[in-house]
Protein chains: 2
Amino acid sequence: MFILDHNSPDPLYAQLARQIRERVLSGRLPAGAKLPSVRDLAAELSVSRNTVENTYLELTAEGYVHARARSGYFVSALDHEAPPPTAKRKLRGPDAAPGADPGAGPPCRYDFHPAKLDPHSFPAPLWRKYYLECLRESSGELARYGDGQGERELRQAVREYLDRSRGVACSPEQIVVCSGLQHALGMAATLVKDTHPRVGVENPGYFLPRSVLRNNSLEVVPVAVGPGGMDIDALKDSGSRVAYVTPSHQFPLGHVMPVGTRLKLIDWARAGGNVIIEDDYDSELRYQGKPIPSLQGLHPEGDIIYLGTFSKILSPALRLSYMVLPRSLLARYHELFRHYQAPASLLEQRTLARFMAQGHWDRHIRRMRTGCKKKHNALLRAVDAHFGDKAEIIGQGAGLHVVLRIPGMALGERELIRRAGVAGIRLFPFSETLDGGGGAEGLLLLGFGSMAPEEIDRATRLLAGICLGRDLPDTD
Amino acid sequence: MFILDHNSPDPLYAQLARQIRERVLSGRLPAGAKLPSVRDLAAELSVSRNTVENTYLELTAEGYVHARARSGYFVSALDHEAPPPTAKRKLRGPDAAPGADPGAGPPCRYDFHPAKLDPHSFPAPLWRKYYLECLRESSGELARYGDGQGERELRQAVREYLDRSRGVACSPEQIVVCSGLQHALGMAATLVKDTHPRVGVENPGYFLPRSVLRNNSLEVVPVAVGPGGMDIDALKDSGSRVAYVTPSHQFPLGHVMPVGTRLKLIDWARAGGNVIIEDDYDSELRYQGKPIPSLQGLHPEGDIIYLGTFSKILSPALRLSYMVLPRSLLARYHELFRHYQAPASLLEQRTLARFMAQGHWDRHIRRMRTGCKKKHNALLRAVDAHFGDKAEIIGQGAGLHVVLRIPGMALGERELIRRAGVAGIRLFPFSETLDGGGGAEGLLLLGFGSMAPEEIDRATRLLAGICLGRDLPDTD
């Protein structure tokens, strides 16, 4: 099956890995196929088991295969069209999703990922128009580095938006354009880690901040969060000097941090010289009443680092976001980052600035809010229709996802995700939101951004069948 | 002795160079051996003398051989640092100018910044065409996050380019798309800091790496660098576990790290489980002979993190670069960064991938090389004309800058930059390349990328007047 060259300078495991990779990419080894056991393949190829084991581990890390406990290694479903490495690639089709999820099975028809938008929502004609304008006007400036803090016209547009819509008080000098949460939070961590080495992070919470903060040498302490917001007493007991919170719309539980907790948090910061990192990732999407004003706006002179993004409303693929630094951290920012070059594409920064300055950002938010509200309501109706009183929705009324709690559900999370995958449903594991994983039984994270209302209904009906043990045919 | 294939797409001089290189590395051509004369070898191989001359010049630049006046070419001793052709300068002095802002002052007519390109060089029509194609085809995918490691088609295009032009051996799985050096180096630091906490960095050197590595919790130790490359004994003495080097074109001194030093560095890494970070930032721009092959290609299975960028040839404002990880770090990369989202704009990644796949990248490199060579030569001529024997050029023949040494110049750096600014000339302080600043008297960093040849001549004439105390009127 495989041919290894013992005289090649390439290690045997690398030769074997390359051949398996090629077969997976070319489809000769299809998704779901079981690979030979380590023992069998080693015997067949007359190599050590270590060699085969190394190959399988590498392919696992790369996402080509995955291990199932006591069953062996299986070819993963690659989420992209992938002709052999030398052939010219076509662009991905609309159903492709990057980053092969472990455990992905057959093609995904219904995607409950919590951070995907409507595939038709991107304002392509306007984007095209402004991008071409900026390319024409800025062509000479492409020969040099842009502003290291981000293009001034974009920072100005963000400032006006934050002032008008989020109650954030700041000047453009306090705004740093970033290429997404990982970038902003990495800088924030760098700014505080020497003086504030321990950070309390909402648990459950978004998984990315924990990774970023740990990768940037902060000690991450999980702090419980509930309908009342982060447990401030637990935060104090933890000895943290930084708190990472999502006050407008807690991820994943969906609660709004009550003003009482906000004030306690601000007092904690003020009294101890501590720092708050406010991640205001999707506050524009609020379906009842007005968006919740920012925490930063309650105490603009405090040590609050405010993070916002264009990923949840405009596009996660642009990689454009921003950070508002408190004045107290500006000197340190300029000291640590004075050599850093621009954070993101000059042309796309300018395109976005122009899009905002012409009023399209505000219009786009309104349109997205209306569209997402329909999907949100469709999901609530579908849960009601198909789960009845067997499930309860937590954190409704905002954002791109809700949490479903199914008391007494017998299925474990991994098995549930597997069965859903077989039915063409992609579920994002709730356990990923828990520091250390585990304890997610009966909790489902249901993102509704990428599906149309009818799809949401069909997907929820299928899902209810799986969760409640009534396997129903899809009537699609 | 050597076999040349006249039907190969590889130029004859490159074939010959490869065969000599192999014999030197294998010891079949021992240190000290005299190579055949240009005339004899040309006759033996039935090729022009030019071909052999080019081969010898290239091997000289790479450090495999050296010329002795009136004696011919000899194989260099690879296990020793090549003897420096000029005495190493002691770099010290009281007049440090850290933070000198080259942006302040009257309008700049002549900009000697070392990292600026020709303002007319960006291939805007092609960029426009491919961007619009990608926007049309990918519009639905803007609703989700792209591949966290970078778009596969871009990684594939980079792999092919690296294989073809830089001698870097890798698979697309080893490539991570990054948004510039600061991003790549931050990830590299995160990957190694727990096990390899101290990094030796070339001094003088680019200032950004020092900042990035320190901001990412590595201890940065300056290690002297000269015509023979980084001082490997000093590196060993420093207790560093990581070395950051620019072997193809040392920044700022412009030397090529000789192959002897390369092999010593690789031995140091292999023997101690250490890591090399190779920053190959502008190797495409070489004006004599072929680009110097990468260090990574000498030992592809070693622990070498290879960094490359599109900033020096295409545009610094796109913020697109890449990193090639050694296989040994892939598992750790997937562990630490598995939650990270895409590193840069989906559309611009795809635009660039298409630009490369259609052959435009290679054509663009050739065009830039020709254009930059003219500017480079104009600068050499201008220095000769206006400085005469009062100054010496260090590190010519590559990249976007040279270093000018003016022995005994009375002006301190800060005052020189001030006076130049008054005359409309922007100078970048050499002291910024020295860890801790200071000691830059009589050394000027002259970038020539952004000016036309005539401007270079005028600017150099003005500058000579200032440096040599002959204030001349600008005859522009």
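Residues numbered from 1 in each chain as written. Chains lettered and ligands numbered in written order. Predicted model: local features only at pLDDT ≥ 70, side-chain atom pairs only at ≥ 80, totals over all residues. Heavy atoms only, no water.

A separate point is the side chain of Arg-210 of chain B. Residues and elements named next belong to chain B. In this structure, Arg-210 sits in helix α7 (residues 207-215). Given the relative accessible area of 7%, Arg-210 is considered buried. Of note is the side chain of Arg-210, whose polar atom sits 3.0 Å from the backbone oxygen of Thr-433. Sequence-distant contacts of Arg-210, that is, excluding residues within four places in its chain, are made with Val-201, Asn-203, Gly-205, Val-220, Glu-432, Thr-433, Leu-434 and Asp-435. (Helix = DSSP H or I, 4+ residues; strand = E, 2+ residues; numbered from the N terminus. Buried < 20%, exposed > 50% of the residue type's maximum accessible area, 1.4 Å probe, protein only. Polar contact = N/O pair within 3.5 Å; in protein donor to acceptor, adjacent residues only side chain to side chain. Contact = heavy atoms within 4.5 Å.)

Tallied over the entire structure, the rule returns ten cavities of 30 Å³ or more. Within this model, the largest cavity holds a volume of roughly 420 Å³. Breaking the lining of the largest cavity down by element, the ones donating at least two residues are α6 (181-192) and α7 (207-215) of chain A together with α6 (181-192) and α7 of chain B. When grouped by side-chain class, the residues that make up the lining of the largest cavity number eleven nonpolar, 14 polar and no charged. (1 Å grid on protein atoms, 1.4 Å probe; cavity = no way out; pocket = protein on both sides within 12 Å on 5 of 7 lines; lining within 4 Å. Points joined across faces, edges and corners; volume = space filled by probe spheres on them. Nonpolar A, V, L, I, M, F, W, Y, C, P; charged D, E, K, R; others polar.)

All names here are of chain B. Remark: helix α2 (residues 38-45) packs on helix α3 (residues 49-62), axes separated minimally by 8 Å, with the N-to-C direction vectors making an angle of 120 degrees. Judged on the interaxial angle alone, α3 and α2 are oblique. Here α2 and α3 pass one another in a crossing that is right-handed. Contact residues: Val-38, Arg-39, Leu-41 and Ala-42 in α2; Arg-49, Val-52, Glu-53 and Tyr-56 in α3. (Axes fitted to C-alpha atoms, helices over the stretch in contact; angles between N-to-C directions. Parallel < 35°, antiparallel > 145°, perpendicular 65-115°, else oblique. Left-handed = near helix turned anticlockwise from the far one by under 90°.)

We now examine the pattern of salt bridges. Counting across every chain of the model gives 49 salt bridges over all chains. Among the salt bridges present, the one from Arg-405 of chain A reaches Glu-392 of chain A, with a minimum N-O distance of 3.0 Å. Within this pair, whereas Arg-405 of chain A is found in strand β13 (residues 401-405), its partner Glu-392 of chain A is found in strand β12 (residues 392-394), the two being separated by 13 residues in sequence. Looking at Arg-405 of chain A, the relative accessible area reads 36%, which means it is partly exposed. Judged by its relative accessible area of 37%, Glu-392 of chain A is partly exposed. A salt bridge links Glu-151 of chain B to Arg-350 of chain B, with the shortest nitrogen-to-oxygen separation between them at 2.9 Å. Residue Glu-151 of chain B is found in the loop between α4 (124-138) and α5 (152-166), and its partner Arg-350 of chain B is found in helix α11 (residues 346-357); the two are separated by 199 residues along the sequence. With a relative accessible area of 0%, Glu-151 of chain B lands in the buried category. For Arg-350 of chain B, a relative accessible area of 0% puts it in the buried group. (Salt bridge = Lys/Arg side-chain N within 4 Å of Asp/Glu carboxyl O.)

Bringing the sheet that holds β13 of chain A into the picture now. Residue and element names in this part refer to chain A. One open sheet holds the three strands; their spatial order is β12-β13-β15, and the pairing between them is antiparallel. In the strand order of this sheet, the two ends are held by β12 and β15 (443-447), each with one partner. Each neighbouring strand pair of the sheet contributes to a mean axis angle of 30 degrees, computed without reference to strand direction. As paired elements, β13 and β15 share five bridges and run antiparallel to each other. Across the sheet, residue Val-403 finds its bridge partner in β15, namely Leu-445. Seen against the sheet, helix α12 (residues 360-387) touches β12, β13 and β15 and runs at an angle of roughly 15 degrees to β13. (Pairing = 2+ DSSP bridges.)

Let us now look at the interface of chain B and chain A. Counting residues at the interface gives 71 residues for chain B and 74 residues for chain A. In total, about 6200 Å² of surface goes out of reach between chain B and chain A, with carbon and sulfur atoms giving 52% of it. In this structure, the connection of chain B to chain A is made through two salt bridges. Note that Arg-338 of chain A is salt-bridged to Glu-432 of chain B, the shortest N-O span being 3.4 Å. Here chain B and chain A share 34 residue pairs in polar contact (both at pLDDT 80 or more) between them. For the side of chain B that touches chain A, the secondary structure elements donating two or more residues are α4, α5, α6, α7, α10 (330-337) and α11 of chain B. Class assignment for the residues of the side of chain B that touches chain A results in 29 nonpolar, 20 polar and 22 charged. (Buried area = accessible area lost by both parts, 1.4 Å probe.)

Function cannot be read off these values alone, since they describe shape.
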